[in-house]
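Structure at a glance
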Amino acid sequence: MADFQTDLNAMHEPSDVGSGIRVFIETYGCQMNAYDSQAIGGLLEKDGFESASDIYDADVVLLNTCSVRELAEHKITSRVGEIRRQRRNADLPPVTVGICGCMAERLGNELHKGVNRVDLVVGVDNYDKLPGMLGELIRSSETKHRKRTATGHRNDAHYVAPPSLYPVNNSHLVTIHKGCDYKCTYCIVPYTRGPQAEKSPEAIESEIKALVDSGAQEVTLLGQNVTAYNWEKDLDFAALLERVSAIDGLQRIRFLTGHPKDMHPHTMEAIGSLKKVCPWLHLPIQSGSNAILKRMKRLYKQEEYLEMVDYARSVIPDVTFSTDIIVGFPGETEEDFQATLEVLRLVKYDQIFSFKYSERPGVPAARLADDISIDEKKRRLAEVLALQEEIWNVEATKQVGKTWTGIIETAARKQGFWRVRTANNRKFLVADDRQKIGDEASAIITGYSNTTFLTVE
Ligand code: SF4
């Protein structure tokens, strides 16, 4: 069965179809899109396309898009108009504009209509067709209503982003599967990215080995639900972590995002026992109320989630947690909302990403009445954020005086400092007078500002 797996970049025969054509890619949304943009760049480069530095320098602008929120789609549609306007104002000729990613998959030919219509629409499983479609489009003599579309899912094909195109930092993204088999009622992903389809362990290993050969120390295994990884019902996420851990030269492994239902005890034990696997779990709870979790079809209860957190703390040294929360989901009562606050108090997350519920056409939750007023959603969101800040202030203060070690990742916004990330995903600053990106740095914590810690060396 393993040979049904296709690396679309590897099988794509190079050509010179893109010779002389400069492409600028703008990426929106999640890290899956960041990875896909790298893969698209790799495919285009093989066919002679060149990378443009901005929209003014480009013959083609591709927007790799996100459909998670309706607002995100509106912003991208406006961006198409803005790009055309900015080019006109700079006295530049019209540019070819394409939409890739989730929005392309969801809206297809609709994107060829209206004032902000685009020339090209390419969904998440059709990027191998991009070079040919673009070359043909650019050279065609059509001047109006140019339309090319490629959408639809193919589960047997994966893209691999070439190592040479990665930005210089420490965590190199590696998708391990695509799509999702769950149907959380607020989520568009199963409709835009299709069902879950695994990249083979061999393909993942060889991609990571290539990254390590080109200097990578750390990878982030990516997927909509990495904890559900299961190659041919024979090799699950814990087993994959073991295999990846055995790669010589690789030093750290992170992963994003896991569904709590698939965070099994043996997976947590593997995370705790494998030295290279970083002890940071991003586990979206979404709501602390069992009634709301049921309406969201999250498939776990609050008490099961909390048990899982307790078990993780018992088997993963220094583990930290982050989460996603939605407030004001249809039918959320004050009691339901208080249950979410209770989870915050009990888990004590390092970081939360919280959102007001907004109706998303095309998903099952859109059939439920959006019955919480916007003012009430705002109040609940403000309360979540205030409580998180209170909890974090107590937890962060406990760190003062401790010595932390991490890897220098990037220049900090504060002039003259590096930003360092610990294995458990905490960030601290060190002066940039001696070391460089990729070096290990240790320092004593003296205080903090929001979620970044301050130190003396
Ligand atoms: S697990 Fe739920 S929220 Fe996550 S991608 Fe799948 S359907 Fe969406």
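Definitions and cut-offs
- Residues numbered from 1 in each chain as written.
- Predicted model: local features only at pLDDT ≥ 70, side-chain atom pairs only at ≥ 80, totals over all residues.
- Pairing = 2+ DSSP bridges.
- Helix = DSSP H or I, 4+ residues; strand = E, 2+ residues; numbered from the N terminus.
- Contact = placed C-beta atoms within 7 Å.
- Axes fitted to C-alpha atoms, helices over the stretch in contact; angles between N-to-C directions.
- Buried ≥ 20, exposed ≤ 12 C-beta atoms within 10 Å, placed from the backbone.
- Arc of directions from axis to C-beta.
- Domains from an automatic or database assignment.
- Parallel < 35°, antiparallel > 145°, perpendicular 65-115°, else oblique.
- Left-handed = near helix turned anticlockwise from the far one by under 90°.
- Nonpolar A, V, L, I, M, F, W, Y, C, P; charged D, E, K, R; others polar.
- Near = placed C-beta within 6 Å.
- Right-handed = clockwise from strand over helix to strand, strands pointing away.

Backbone-to-backbone hydrogen bonds pair the strands of a sheet. The strands run either parallel or antiparallel. Taken in spatial order, the six strands of this open sheet run β3-β2-β4-β5-β6-β7, and their pairing is parallel. Edge positions in the open sheet fall to β3 (50-51) and β7 (148-150), since each of these has one partner strand only. Relative to β7, strand β6 (residues 120-122) is paired through three bridges, and the arrangement is parallel. Looking at β7, one finds that L120 is bridged to R148. Here helix α3 (residues 70-89) sits on the sheet in contact with β4 (60-65) and β5 (96-101), set at roughly 170° to β4. Here helix α5 (residues 130-139) sits on the sheet and contacts β4, β5, β6 and β7; the angle it forms with β6, its principal contact strand, is near 175°.

The set of residues buried in helix α9 (residues 265-273) consists of T267, M268, A270 and I271. Across the axial projection of α9, the buried residues extend over an arc of 155°, all falling on one side.

Per the domain assignment, the segments of the protein are domain 1 (2-150), domain 2 (157-397) and domain 3 (403-456). Relative placement of domain 1 and domain 3: their C-alpha centres are 37 Å apart.

When glycine is set aside, most residues are seen to have a negative phi, and most peptide bonds are trans. Residue T257 follows L256 across a cis peptide bond; omega there is -15°. Looking at the secondary structure, you find T257 in the loop between β15 (252-256) and α9. One non-glycine residue, Q286, lies in the positive phi region at around 70°. Tracing the chain through its elements places Q286 in the loop between β16 (280-282) and α10 (290-296). Even without glycine at this site, K297 takes up a positive phi of about 55°.

Now for the packing of helix α12 (residues 334-347) against helix α13 (residues 374-397). Packing of α12 against α13 leaves a shortest axis separation of 10 Å and a crossing angle of 15°. Between α12 and α13, the crossing angle belongs to the class labelled roughly parallel. In terms of crossing hand, the pair formed by α12 and α13 is right-handed. Counting all contacts with α12, which are made through F337, T340, L341, L344 and R345, the residues of α13 involved are R380, V384, L387, Q388 and I391. Considering only residue class, the contact of α12 with α13 consists of six nonpolar, two polar and two charged.

Another point: the sheet that holds strand β12 (residues 218-222). A sheet is described by the order of its strands in space; here three strands give the open sequence β9-β12-β15, paired in parallel fashion. Edge positions in the sheet fall to β9 (171-175) and β15, since each of these pairs with one other strand and no more. Taken over all neighbouring pairs, the strand axes of this sheet differ in orientation by 25° on average, direction set aside. Running over the sheet, helix α2 (residues 31-46) touches β9, β12 and β15 and is turned about 90° from β9. The strands that helix α7 (residues 201-213) touches are β9 and β12; relative to β9, the one it contacts most, it runs at about 160°.

A separate point is the site of the ligand. The immediate surroundings of the ligand are formed by C180, Y182, K183, C184, C187, V189, P190, Q224, N225 and H259. A breakdown of the residues in the shell around the ligand according to their chemical character gives six nonpolar, three polar and one charged.

Right, let's get into the environment of L173. Looking at the element boundaries, L173 is found in strand β9. The contact partners of L173, leaving out residues within four places of it in the chain, are Q31, A34, Y35, T220 and L222.

Once that is clear, we can look at the pairing of strand β18 (residues 351-356). It is a general feature of regular strands that their side chains alternate between the two faces of the sheet. Relative to β18, strand β17 (residues 320-327) runs parallel, the two sharing six bridges. In the sheet register, S322 faces β18, and the bridge partner there is Q351. As a crossover connection, the stretch from β17 through α12 into β18 is right-handed.

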